[in-house]
Amino acid sequence: MKKEIFLLPFLLLFLMMAGCQNKEDAGNAAKSTLPRRNGQTEQATDYEQENSKTENQELQAMASESEQETDMETKTLVVYFSATGNTKQVANVIAETTGGDLFELEPVEPYSSADLDWANDDSRVARERENPDQREVKLVSVTVDNWNEVSVVYLGYPIWWGISAWPVDSFVKANDFAGKVVIPFCTSSSSDLGESGELLAEMAGTGEWQEGMRFSSGVSDEDVKAWVESLGL
Ligand SMILES: Cc1cc2nc3c(=O)[nH]c(=O)nc-3n(C[C@H](O)[C@H](O)[C@H](O)COP(=O)(O)O)c2cc1C
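The rules behind these values
- Residues numbered from 1 in each chain as written.
- Predicted model: local features only at pLDDT ≥ 70, side-chain atom pairs only at ≥ 80, totals over all residues.
- Buried ≥ 20, exposed ≤ 12 C-beta atoms within 10 Å, placed from the backbone.
- Helix = DSSP H or I, 4+ residues; strand = E, 2+ residues; numbered from the N terminus.
- Arc of directions from axis to C-beta.
- Contact = placed C-beta atoms within 7 Å.
- Pairing = 2+ DSSP bridges.
- Near = placed C-beta within 6 Å.
- Nonpolar A, V, L, I, M, F, W, Y, C, P; charged D, E, K, R; others polar.
- Axes fitted to C-alpha atoms, helices over the stretch in contact; angles between N-to-C directions.
- Parallel < 35°, antiparallel > 145°, perpendicular 65-115°, else oblique.
- Left-handed = near helix turned anticlockwise from the far one by under 90°.
- Expected span 1.5 Å × (residues − 1).

A. Geometry of helix 6 (residues 196-204). The complete set of buried residues in helix 6 reads S196, G197, L200, A201 and A204. Along the axis of helix 6, the buried positions cluster into a sector of 135°, meaning they face one direction only. In helix 6, the exposed positions angled more than 90 degrees off the buried face are occupied by E202 and M203. Against the buried residues of helix 6 lie strand 3 (152-160), strand 4 (163-164), helix 5 (167-174), strand 5 (181-188) and strand 6 (208-209). Once helix 6 ends, the next one or two residues include G205, with phi positive near 80°.

Following this line, the structure appears as structure tokens:
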């Protein structure tokens, strides 16, 4: 009997501890199984709310990063003068390949076939060639919308007597190319690019002028595309 009395407090203590443990388990079970809307548990819902807050913040950060990247994307402009359509064709392919905008340089007084008759000493081009002060051809526009956003300029022209056809001069003189990469391109029957690009670079005084490219008058679209892609811009 003495032994039973001695063991009784231990037995009571054991029973109390067992009771507490059961209550705690029951509480946890309630937390994890408490039904919520959509059949989710309370714990899962709290966690999900917290998590979705973080996800939203991450998405907002990504969106703003991508906006900044878009702002910094290369904006390409293909500027060209073309009297008989060959350079225009090349310009179109460059614009298609790069996704750039086109800007055609149009003389206020367009060149007729008679004007372009280089074999006639009295034609308009022949007179302009003889008198450099007559080469300042007035253009319909030399102003490009959002010019300051443009980072790469392809500048196209036909070769006239070994140099760039002078209607492009007015555009080159009127614009500031600072901070822009400029890639001259031309079409011709047989002449090379020659010094045409360098002379235009000198005329501009600003911009990172590249060597450029000459195409034959009847160049294929595939060849032009291949050249543009080879630049990797
Ligand atoms: C006035 C004039 C001068 C030309 N001079 C040359 C020349 O020096 N070398 C050459 O290979 N082609 C010359 N050409 C041919 C053009 O460069 C060639 O046809 C060019 O592709 C025309 O381009 P467009 O159709 O865009 O005007 C000349 C053409 C004209 C009208």
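Further notes follow.
B. Representation of the pairing of strand 7 (residues 213-216) in the model. Residue alternation in strand 7 divides its side chains into a buried set, M213 and F215, and an unburied set, R214 and S216. The pairing of strand 5 with strand 7 spans four bridges and is parallel. Each residue of the ladder has a partner; that of S188, found in strand 7, is S216.

C. Structural detail: the site of the ligand. In the neighbourhood of the ligand, 21 residues make up the surrounding shell, with S82, T84, N86, T87 and P158 lying closest. At the level of elements, helix 3 (86-98), strand 3 and strand 5 are the ones that each hand at least two residues to the shell around the ligand. In the shell around the ligand, the residues fall into eight nonpolar, twelve polar and one charged.

D. Fine view of the packing of helix 5 against helix 6. Closest axis-to-axis distance for the helix 5/helix 6 pair is 8 Å, and the angle between their directions is 40°. Our classification of the angle between helix 5 and helix 6 gives oblique. The handedness of the crossing between helix 5 and helix 6 is right-handed. Contact residues: D169, V172 and K173 in helix 5; L200, M203 and A204 in helix 6. Of the residues assigned to the contact of helix 5 with helix 6, the class counts are four nonpolar, no polar and two charged.

E. Layout of helix 3. The end-to-end C-alpha distance of helix 3, which contains 13 residues, comes to 19 Å, matching closely the 18 Å that a straight helix rising 1.5 Å per residue would cover. Residues of helix 3 that are buried include every one of N86, T87, V90, A91, V93, I94 and T98, and no others. All buried residues of helix 3 fall inside an arc of 160° around its axis, so they share one side. Among the structural elements, strand 1 (76-80), strand 2 (101-104), strand 3, strand 5, strand 7 and helix 7 (221-231) are those in contact with the buried residues of helix 3.

F. Up close: the environment of E149. For E149, the position within the fold is in the loop between helix 4 (124-130) and strand 3. Overall, the presence of 11 C-beta atoms within 10 Å leaves E149 in the exposed class. Each C-alpha atom of the pair E149 and K180 lies 9.5 Å from the other, and the pair is 31 residues apart in sequence.

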